Amino acid sequence: MSRQPFTPDRYRELVASHTPPSRQLRGYLRAFWVGGTICVLGQALTLWAEKLNLGEITAPMFTTSALIFLGTTLTGIGVYDRIGKYAGAGSAIPVTGFANSVAAPAIEFQREGAVMGVGARLFTLAGPVLAYGIASSVLVGIAYWLARGWVL
Amino acid sequence: MDTLWLFVKAFVVGGLICDVGQLLIMRTKLTNARILVLFVVSGVLLTALGLYKPLVDFAGAGATVPLTGFGYSLAMGAIEAVNRYGFWGAFVGGISRTAAGITAAIVFGLVNALVFKPHAKP
Amino acid sequence: MSRAGQQTFVYDRPPVIAAHASVAGPKEAQGPLAPWFDALLEDDLLGQKSWELAEMEMVRRCVMDALNQARMPAESVQALLGGDLNNQIIASSFAARALGMPFLGQYGACSTFVQALAVASALISGGFLDSAACVASSHFCTAERQFRFPLELGTQRPPQASWTATACGCALLKGEGEGLRITSGTLGRVIDLNITDANHMGAAMAPAVFDTLAAHFSDMGRRAEDYDLIATGDLGWIGRDLLLELCDAAGVSLPPDRLIDCGASLFYREQDAHAGGSGCGCVASVSCGWLMKRLERGELNRLLLVGSGAMLSPTSSQQGQSVPGIACAVSIERGR
């Protein structure tokens, strides 16, 4: 016994027509300038690292660690979520956003304890990124090893 | 002037990469976690195909700071380690090259949880 | 006659709302209904150690406020019917631990408060209880970390997302006395039109509200015009429009000026609550704080309160299931 006047398909169309769209242009502009600015900051840190003669291996480490420190600290003082609300992908995609995804659950779940709260939740969002990033790099390494053996 | 040009390149390329993420947020139903995974894996694959290195050479931090750059480091690390150690390099290189970033995120994340309290949203 | 049609209870001895209390959080205190709430919170944490404990404390305070208004000691209340959005409804059950009343846990997602009213009224009308407290609560911070993301994560909400209210409402029902009466209650069926966007709860619930409304009207032989106001719980601005479309297409008369939505009333549009308020505490606080007072002032004589809930869990949405909706209705009438 159904009283519903619409089929699910028809209802989906009705819902779509009543749902306001995200404000696209504004979203792109905000993501662009915030994301770009974080990258400029990264570039400035890289140049600074060169000045300090940190070398080819340690300079990128310096830049990345500094940006991650910035991301986690802004998360801790409750600023990064506001930046994220404004900028969307502009603050989620840079490595500072990765830092935010590690620090946010760690802070949020501190009341569940140091091990299953902070320790385990630290990886709720970063875990998948690390798992698939590392696994795919291993595949690439093996593929490269095979290709190299083939060619040589 | 050269420095300014470096900054402009980083700004524009970094901004455009973020806009690809924004497109995925607004146009698809992908969750944030999936978008981040997609970016890292794309970075790994583009690097393997030799497409991402030129972008890094051109835009510097504009290409390395977004998460695709994390994928770039993972893939470059794996490839270089295979050159050095052979097969087992594939298992060593990725994490070795990104160790500083991963460790920084974990340590600073833990320190944060010790220092700060959760905030309510306005 | 204590039953009408397929889904409706008609209460022979309609229970009286002896007292009602509401608590609202800091963001809700910036909204249009702020002057109506009995208590406004300045601190989301209420001096507690966690958001969950804060929600329990909010429930306890709200029930105590209602008891004080009715000058009833906690021991004299024969049952507490309540629920919330936390896993295993801990806010309500832990508050019940503090209050010491016999507890009957309720869960109907955001419709919980109306479900509690319908069940308690049946128990009172049937003579099983002389008095019962009905309570429902929600807290933005407990809901967010359970259903969505950690609060500190920088994410954007889509425009169709609703904002879980930090709020609580409690109504104290008695078999005898003066006051508003709950005259009928209509149970809802779980309706699913295959909405898979877990953010779009207004769209998921509107068909369930429509179903329960249509059932109530046909069971009771009434029309929307028989009510001064029909208040839906937590459809939000978009869901309210969808409900009007559904009624229009089905030929069920529902004049827009007689329909308000609690979620769409709780916040100003500028408050960035997107589609509007939601959460068990939304319909509970808005009805206890605002609508029941309007009935008592004589601005309204007969109200149909329709609570709606989205029956999803993080597990069901991660497994790609659609979002089923439910709605439960009670009619509340002024004296005589």
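What you see is a predicted model, and the numbers here were worked out from it, not measured in a lab.

**Looking at the environment of Glu144 of chain C**
All names here are of chain C. By secondary structure assignment, the location of Glu144 is in helix α4 (residues 140-147). A count of 19 C-beta atoms within 10 Å places Glu144 in the partly exposed class. Taking the C-alpha atoms as reference points, Glu144 and Thr164, separated by 20 residues in sequence, lie 7.8 Å from one another. Once residues within four sequence positions are removed from consideration, Glu144 is found in contact with Phe149, Leu151 and Thr164.

**Let's talk about the interface of chain A and chain B**
Contacts between the two partners involve 65 residues from chain A, matched on the other side by 64 residues from chain B. The set of elements that each furnish at least two residues to the side of chain A that touches chain B consists of α2 (24-51), α3 (55-76), α5 (89-92), α6 (95-108) and α8 (123-151) of chain A. With 17 residues, the single largest contributor to the side of chain A that touches chain B is α8 of chain A. Along the lines of polarity and charge, the residues of the side of chain A that touches chain B split into 40 nonpolar, 24 polar and one charged.

**With respect to the interface of chain B and chain C**
Counting residues at the interface gives eight residues for chain B, matched by nine residues for chain C. Class assignment for the residues of the side of chain B that touches chain C results in four nonpolar, two polar and two charged.

**Section: helix α3 (residues 112-125) of chain C**
Residues and elements named next belong to chain C. Taking 1.5 Å of rise per residue, the 14 residues of α3 would be expected to cover 20 Å, and the 20 Å separating its terminal C-alpha atoms lies within 8% of that figure. Among the 14 residues of α3, 12 are classified as buried, and the element is accordingly described as predominantly covered. When α3 is considered as a whole, its buried residues turn out to be Thr112, Phe113, Val114, Gln115, Ala116, Leu117, Ala118, Val119, Ala120, Ser121, Ile124 and Ser125. Downstream of α3 by one or two residues, Gly127 has phi in the positive range, about 85 degrees.

**Structural notes on the pairing of strand β15 (residues 325-333) of chain C**
Regular strands place side chains that alternate from one sheet face to the opposite one. All names here are of chain C. Among the nine residues that make up β15, eight are buried, leaving the element largely enclosed by the rest of the structure. As paired elements, strand β10 (residues 180-186) and β15 share five bridges and run antiparallel to each other. Each residue of the ladder has a partner; that of Ile182, found in β15, is Ile332. Examined bridge by bridge, strand β14 (residues 302-310) and β15 share nine bridges and lie antiparallel to one another. Directly across from Ser308, in β15, lies its bridge partner Ala327.

**Concerning the packing of α8 of chain A against helix α2 (residues 32-48) of chain B**
At their nearest, the axes of α8 of chain A and α2 of chain B sit 9 Å apart, and the two run at 15 degrees to each other. On the basis of the axis angle, α8 of chain A is roughly parallel to α2 of chain B. Here the hand of the crossing between α8 of chain A and α2 of chain B comes out right-handed. For the pair α8 of chain A and α2 of chain B, contact is made by Leu125, Pro128, Val129, Tyr132, Gly133, Ser136, Ser137, Val140 and Ala143 of chain A and by Ala33, Leu36, Val37, Val40, Val41, Val44, Leu45 and Ala48 of chain B, respectively. Partitioned by chemical class, the residues of the contact of α8 of chain A with α2 of chain B number 14 nonpolar, three polar and no charged.

**Some points on the nonpolar core**
Membership of the largest hydrophobic core comes to 129 residues, with the highest contact counts inside it found for Ala66, Ala133, Cys134 and Cys170 of chain C. Residues from two domains meet in this core; each of domain 1 (15-174) and domain 2 (180-333) of chain C gives at least three. Ignoring any residue separated from it by four or fewer positions in sequence, one finds Ala133 of chain C in contact with Val63, Ala66, Val77, Leu80, Met101, Cys170 and Leu172 of chain C. Val34, Ala92 and Val102 of chain A together with Ile35 of chain B belong to the second largest nonpolar core, which has 74 residues in total.

Rules of the game
- Residues numbered from 1 in each chain as written.
- Chains lettered and ligands numbered in written order.
- Predicted model: local features only at pLDDT ≥ 70, side-chain atom pairs only at ≥ 80, totals over all residues.
- Helix = DSSP H or I, 4+ residues; strand = E, 2+ residues; numbered from the N terminus.
- Buried ≥ 20, exposed ≤ 12 C-beta atoms within 10 Å, placed from the backbone.
- Contact = placed C-beta atoms within 7 Å.
- Nonpolar A, V, L, I, M, F, W, Y, C, P; charged D, E, K, R; others polar.
- Expected span 1.5 Å × (residues − 1).
- Pairing = 2+ DSSP bridges.
- Axes fitted to C-alpha atoms, helices over the stretch in contact; angles between N-to-C directions.
- Parallel < 35°, antiparallel > 145°, perpendicular 65-115°, else oblique.
- Left-handed = near helix turned anticlockwise from the far one by under 90°.
- Core = buried A, V, L, I, M, F, W, Y, C linked by C-beta atoms within 7 Å.
- Domains from an automatic or database assignment.

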